[in-house]
Amino acid sequence: AQSVSQHNHHVILSEAASLELGCNYSYGGTVNLFWYVQYPGQHLQLLLKYFSGDPLVKGIKGFEAEFIKSKFSFNLRKPSVQWSDTAEYFCAVLCSNDYKLSFGAGTTVTVRA
Amino acid sequence: EPEVTQTPSHQVTQMGQEVILRCVPISNHLYFYWYRQILGQKVEFLVSFYNNEISEKSEIFDDQFSVERPDGSNFTLKIRSTKLEDSAMYFCASTTSPEQFFGPGTRLTVL
């Protein structure tokens, strides 16, 4: 079965600090990769996605992620976080032989003003 | 921009009662999904639906659960006899491409 691992359960940082959230998956075939964000009390919103092409993808709100196929990773980055980035972040994978998303456990990001 | 909608936003029910959670997917989408998120846990796949039938379901989706697309626009999840452990956020999603579009969720609280 497909598994998605997010390395950090809870990250606490100050405004303007850089953020990197790790995500690894276990499927060896073709994948589509996603990062979703869930702000407190709100629903899942797509931050960015990778289907093919340039492995460095840019999303909304200054986020980017890099797909490294050899490492089965899709890490999320933001150079300078804001207080409003406080949220839960989920990595999700869609395998080529499947139609359902497999989610990681999520990382709670708390940005202190 | 078209979006997935869900009703109600919050449902409180007594254990053993039936609940129906409703979703209106994006109109030209063909694949529909239900996911759930128990508080503090990750989002889990429940069921996928295509061409008016279930295409895949998880081990969570037991006989207490059913899905239906009764009128070509709504997509419903029924839990026949709710248990305390069914308390969760239930998300509907729809797609025509790899990207799935999620609704705002229904928070189900079973007392």
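Let me begin by describing the structure that accompanies this report. (Residues numbered from 1 in each chain as written. Chains lettered and ligands numbered in written order. Predicted model: local features only at pLDDT ≥ 70, side-chain atom pairs only at ≥ 80, totals over all residues. Heavy atoms only, no water.)

## Observations concerning unusual backbone geometry
Residue and element names in this part refer to chain B. In this structure, P8 follows T7 across a cis peptide bond, with omega equal to -10°. Among the secondary structure elements, P8 is positioned in the loop between strand 1 (5-7) and strand 2 (10-13). The backbone of N51 shows a phi angle near 55°, a positive value even though the residue is not glycine. Mapped onto the elements of the fold, N51 is located in the loop between strand 5 (43-50) and strand 6 (53-57). (Helix = DSSP H or I, 4+ residues; strand = E, 2+ residues; numbered from the N terminus.)

## Some points on the state of the cysteines
Among covalent bonds in proteins, the disulfide is the one between the sulfur atoms of two cysteines. Going through the model one piece at a time under the given rule, you end up with 2 disulfides over all chains. At a sulfur-sulfur separation of 1.9 Å, the disulfide partner of C23 of chain A is C91 of chain A. Around the S-S axis, the bridge from C23 of chain A to C91 of chain A shows a dihedral of about -65° and counts as left-handed. Separated by 68 residues along the polypeptide, C23 of chain A in strand 4 (residues 23-25) and C91 of chain A in strand 10 (residues 87-95) bring together distant segments of the chain. For the pair C23 of chain A and C91 of chain A, a shared accessibility class is recorded, and that class is buried. Here C23 of chain B engages in a disulfide with C92 of chain B; their sulfurs sit 1.9 Å apart. In this structure the cystine formed by C23 of chain B and C92 of chain B twists about its S-S bond by roughly -65°; its chirality is therefore left-handed. Highlighted residues: C23 of chain B in strand 3 (residues 19-24) and C92 of chain B in strand 9 (residues 88-95), separated in sequence by 69 residues. Each of the two residues, C23 of chain B as well as C92 of chain B, counts as buried. The thiol of C95 of chain A is unpaired, and the distance to the nearest cysteine sulfur, on C91 of chain A, comes to 11 Å. (Disulfide = S-S within 2.5 Å. Buried < 20%, exposed > 50% of the residue type's maximum accessible area, 1.4 Å probe, protein only.)

## Regarding the side chain of S48 of chain B
Residues and elements named next belong to chain B. Turning to its location among the elements, S48 is positioned in strand 5. For S48, the side chain forms a polar contact with the side chain of S55, separated by 2.8 Å. Ignoring anything within four residues of it in the chain, the contact list for S48 reads F32, Y33, E53, I54, S55 and E56. (Polar contact = N/O pair within 3.5 Å; in protein donor to acceptor, adjacent residues only side chain to side chain. Contact = heavy atoms within 4.5 Å.)

## Describing the pairing of strand 9 of chain B
Residue and element names in this part refer to chain B. Most of strand 9 sits out of view: 8 of its 8 residues are buried. Judged by which residues are buried, strand 9 turns out to be covered on both faces: A88, Y90, C92 and S94 on one side and M89, F91, A93 and T95 on the other are all buried. When strand 9 meets strand 11 (residues 106-110), the two strands line up antiparallel, connected through 3 bridges. The residue of strand 11 that forms the bridge with Y90 is T106. In this sheet, strand 10 (residues 101-102) lies alongside strand 9 in antiparallel orientation, the contact comprising 2 bridges. Opposite A93, over in strand 10, you have F102 as the bridge partner. Linking two consecutive strands that pair antiparallel, namely strand 9 and strand 10, is a turn of 5 residues. (Pairing = 2+ DSSP bridges.)

## Quick word on the interface of chain A and chain B
Of the residues lining the interface, 18 residues belong to chain A; the matching set on chain B comes to 15 residues. At the boundary of chain A with chain B, total buried surface from both sides reaches about 1,600 Å², with 60% on carbon and sulfur atoms. Considering only the surface of chain A that becomes buried against chain B, Y99, K100 and F103 of chain A emerge as the three largest contributors, covering 33% of it. On inspection of chain A and its partner chain B, the count reaches 2 salt bridges. Ionic pairing is found between K100 of chain A and E56 of chain B, a salt bridge with its closest N-O pair at 2.5 Å. Linking chain A with chain B are 7 residue pairs in polar contact (both at pLDDT 80 or more). Looking at the side of chain A that touches chain B, the elements with two or more residues in it are strand 5 (31-38), strand 6 (44-50) and strand 10 of chain A. Broken down by element, the side of chain A that touches chain B gets its largest block of residues, 4 residues, from strand 5 of chain A. (Buried area = accessible area lost by both parts, 1.4 Å probe. Salt bridge = Lys/Arg side-chain N within 4 Å of Asp/Glu carboxyl O.)

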